[in-house]
Amino acid sequence: SIFVLLLQTRHLRLILPENFGKMVRVIFVSNRLPVTVNPDKEPPNDVQQSSGGLVSALKSVVKDYDEVLWVGWPGAYCKDEAAMTKRLHESNASIQMHPVWLDKDDVEDFYNGFSNSSLWPLLHWMTPYARFKKSWFESYRKVNMKFAEIILQVAKPGDIIWVHDYHLFMVPMMVRNLVDEKYGAPDSSPRRPKDLPPLDSDAITTQGNTGKKLNFAPTSRSEAAAWQNLKIGFFLHTPFPSWEIISTHPNCVDIVQGMLGADLIGFHTYNYLRHYRSCVIRLCGFTPEMDMVEYLGRRTRLGVYPIGANCTDILNNMKTDKFKEHLASYAEEFQGKSLVLSVERLDYSKGMPQKLEAIERYLEEAEKAQKRKQRQEGDAQDQDRQDRLAKLRAHFEVENPDQVEKSRFRTAMTSVWNRAVELVSEQAEELDHTKTVFLFIAVPSRQTVQEYKAIEEEVHMKVSTINGRFGTVNHTPIVYIHRGIPGEELAALYARADCCLVTPLVDGMNLVAKEFLVAKDREVEHVVPGTVVLSEFAGATQEMFDALVINPYDVDATADAIHLGLELTKGDRVDKHLRWEVSERMRHVVLANDAVWWAAA
């Protein structure tokens, strides 16, 4: 929206250092380094490059800075940390790697405990799954302080420090505290707004110190002022819940205040920003402005920056011979069939059981329609389903000025969906559920955590039940893959699928919906148009206005959305050009706002 664009433009000017255009250094800080270390192997196999959207996005802007550093855990335990640290420094010519070494207790309590058993459930509104231990928080605070100390060891005055995600909520304030402890906070600091009252340095404490004494040398007032110009940004890749949810955490104040050490805090959507602002009001006891917080004499800006898909990797995968081979194979395998794709981590926030219930309902409705047709009982559907389809139709007839301007495309979209609904209502030809394949790629996640084991067992049992009920000798309705797959193969599935089913109960963004559309290149042979059935509780909904948006808890609505989505992509039911409009309009937005654009912003 125009509001978000203005916020972004305004905030970019605020966080850029005064020496921008001269020597500019950036320090990326994340839980993991963009590499994985294996100390048991010999160079160069001991350091493997990591993949993923965040890594690719941040690497894409390396060329925009004179010097790039990355602070994070290398993903392994090492006896000779000094030697491996030196090896990491030599492993990448464009990025200086600075590891934060953790022991097994740190990983268990900081990562598996506090981060993923306390914070993750609450950030996703899943309070029944949240567990708390005092020792977990102590470890979280200790590890965050380790990160802050490493940052200060490698930072220089005027650097940009970009901290990522919920594992490091307390790092921004800890870095500020260490700077103030070392240099003080002179009122003449160029970072400090002139209209703010003098800063009481006694009010700031450095908690959770690891006991390691930093070598703070005496500095001049000018150097102290330069250090106060250190720029810190923080981006949260998950949702941020309302204060009623986050306040259930015993350490909620530490979490909220820890982020306020940043000059700029970024969120995926305005709703998450609004929730954080509400927490500042309720937990910190003062009322900030709409997009700015004043705390301890400092100003923190709040902004909305929806992360984009890693389009470059997907498009590159689509140029490979492996992709072409896979796509040709899938085109033959699913000839005359509808393919519905679901790609998720096995996480309780992804709504897998609810999704499977909706699939079961869809198959029930399709089976009833097939039996009616065989008995030649007439064309009328039951009144309940007609009412639900009419409700979906009304969604596309109403113009929403907050989402999209009235345009030729929106008129076309309304026409497309109206025609699709009319065809269903008139029952021109009901889809045969024996020709619909639901392909699940369920990537294992945090398998040592009991809650994840439980959701995995529930999903496996439900898949077996549905296949046993609706499967035949020649057809299995759900194909279930319990592992990740290579990028070329995944891109080929995106390209061939008729519908992408993205129905999390809550999700910060969910890039699967965007990745699906990136692969919908009309110029590539065997690629077909596709629709997206998207949860209204996914951050991606704020950008994908032409997806079929549903409430994932509403099983009937999700089943009907699958039905309509497939109606739109099958045969001559809808004009071919208009069918492609559904994919191409959203694809254009995704390509224009990809991960590279997000990182540069």
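Residues numbered from 1 in each chain as written. Predicted model: local features only at pLDDT ≥ 70, side-chain atom pairs only at ≥ 80, totals over all residues. Heavy atoms only, no water.

Some thoughts on the pairing of strand E11 (residues 338-345)
Applied cut-off: Type-normalised accessible area, obtained with a 1.4 Å probe on protein chains alone, sets the label of each residue: buried when under 20%, exposed when over 50%, and partly exposed for intermediate values. Numbering goes from the N terminus for both helices and strands, where a helix is a DSSP run of H or I of at least four residues and a strand is a run of E of at least two. We call two strands paired when DSSP finds no fewer than two bridges between them.
A large share of E11 lies buried, amounting to seven of its eight residues. Of the pairings in the sheet, the one linking E11 to strand E12 (residues 436-443) comprises eight bridges and is parallel in character. For Leu339, the partnering residue across the bridge sits in E12 and is Val437. With two bridges connecting them, E11 and strand E14 (residues 499-502) associate as parallel partners. If you follow Leu341 over to E14, its bridge partner there is Cys500.

Some details on the nonpolar core
Generally speaking, a soluble globular protein has its nonpolar side chains buried in company with each other. Cut-off, in case you're wondering: Residues grouped as a nonpolar core are buried Ala, Val, Leu, Ile, Met, Phe, Trp, Tyr and Cys residues, joined through side-chain atoms within 4.5 Å. Any two residues whose heavy atoms approach within 4.5 Å are treated as being in contact.
Within the largest apolar cluster, 71 residues are counted, with the highest numbers of intra-cluster contacts made by Leu534 and Met544. Among the elements that line this core, the one with the most residues is helix H17 (residues 487-496), at six residues. With residues near it in sequence (within four places) discarded, Leu534 still touches Val502, Ala513, Ala540, Thr541, Met544, Ala547, Leu548, Val549 and Ile550. Core analysis: the second largest hydrophobic core is formed by 69 residues, Met126, Leu230, Ile246 and Tyr295 among them.

Structural notes on the confidence of the model for the protein
Quick note on the threshold: Every residue gets a pLDDT, meaning the predictor's confidence in that residue, from 0 to 100.
Per-residue pLDDT for the protein has a mean of 82; in total, 78% of the residues score no lower than 70. Taken together, the stretch residues 188-192 has pLDDT below 50 and engages in 18 contacts with residues farther than four places along the chain or on a different chain. Here residues 196-213 is modelled with pLDDT under 50, and outside its nearest four sequence neighbours on either side it reaches 39 contacts, counting other chains as well.

Notes on the pattern of salt bridges
Where we set the bar: Salt bridge criterion: a side-chain nitrogen from Lys or Arg within 4 Å of a carboxyl oxygen from Asp or Glu.
Using the criterion set out here, one finds 20 salt bridges in the structure. In this structure, the salt-bridge partner of Asp347 is Arg345, at a minimum N-O distance of 3.4 Å. Of the residues examined, Asp347 reaches a relative accessible area of 0% and is grouped as buried.

A word on empty space enclosed by the protein
Defined as follows: A cavity here means a set of 1 Å grid points, computed over protein atoms only, where a 1.4 Å probe fits but cannot escape. A pocket is an open set with protein on both sides within 12 Å along at least 5 of 7 lines, and lining residues have an atom within 4 Å of a point. Grid points are joined across faces, edges and corners, and a volume is the space filled by probe spheres set on the points.
Tallying each qualifying case throughout the model produces two cavities of 30 Å³ or more. There is about 40 Å³ of room inside the second largest cavity. In terms of lining, the second largest cavity is formed by Asn116, Ser117, Pro121, Tyr129, Arg131, Tyr348, Val449, Glu451 and Tyr452. Taken together, the elements giving at least two residues each to the lining of the second largest cavity come down to helix H4 (104-123) and helix H16 (450-470). The biggest single contributor to the lining of the second largest cavity is H4, with three residues.

Section: helix H20 (residues 576-592)
Quick note on the threshold: An expected span of 1.5 Å times one less than the residue number is assigned to each helix. Values of bend correspond, residue by residue, to the angle between axes fitted over the seven residues ending at that residue and the seven starting there.
Taking 1.5 Å of rise per residue, 17 residues should cover 24 Å, and H20 covers 24 Å from first to last C-alpha, within 8% of that figure. The sharpest bend along H20 measures roughly 30° and falls at Val582. Of the residues making up H20, those classed as buried are Leu578, Arg579, Trp580, Glu581, Val582, Ser583, Met586, Arg587 and Val590.

Digging into the sheet that holds E14
The criterion, for reference: Working convention: axes come from line fits to C-alpha atoms, limited for helices to the stretch in contact. Angles between N-to-C directions cover 0 to 180 degrees.
On the basis of which strands lie adjacent, the open sheet formed by six strands has the order E13-E12-E11-E14-E15-E16 and parallel pairing. Strands with a single pairing partner mark the edges of an open sheet, and in this sheet they are strand E13 (478-481) and strand E16 (548-550). Taken pair by pair, the neighbouring strands of this sheet meet at an average axis angle of 20°, ignoring direction. Judged from the four bridges that link them, E12 and E13 form a sheet pairing that is parallel. Following the sheet pairing, Ile441 is matched in E13 by Ile481. Across the sheet, helix H13 (residues 352-375) is in contact with E11, E12, E13 and E14; its angle to E12 comes to roughly 170°.

Side note on the state of the cysteines
Using the following cut-off: The definition used for a disulfide is geometric: two cysteine sulfur atoms within 2.5 Å.
Applying the stated criterion across every chain, the model contains zero disulfides. Cysteine Cys279 remains unbridged, with the sulfur of Cys252 as its closest cysteine sulfur at 8.0 Å. Judged by relative accessible area, Cys279 falls into the buried class, the value being 0%. Summary of cysteine pairing: Cys284 is not part of a disulfide, and the nearest cysteine sulfur, belonging to Cys279, is at 8.7 Å.

Observations regarding unusual backbone geometry
Residue Leu296 is not a glycine yet carries a positive backbone phi of 50°. Among the secondary structure elements, Leu296 is positioned in the loop between strand E9 (292-295) and strand E10 (298-304). Residue class for Leu296 comes out partly exposed when judged on its relative accessible area of 27%. Look at His526: it is not a glycine, yet its phi comes out positive at around 75°.

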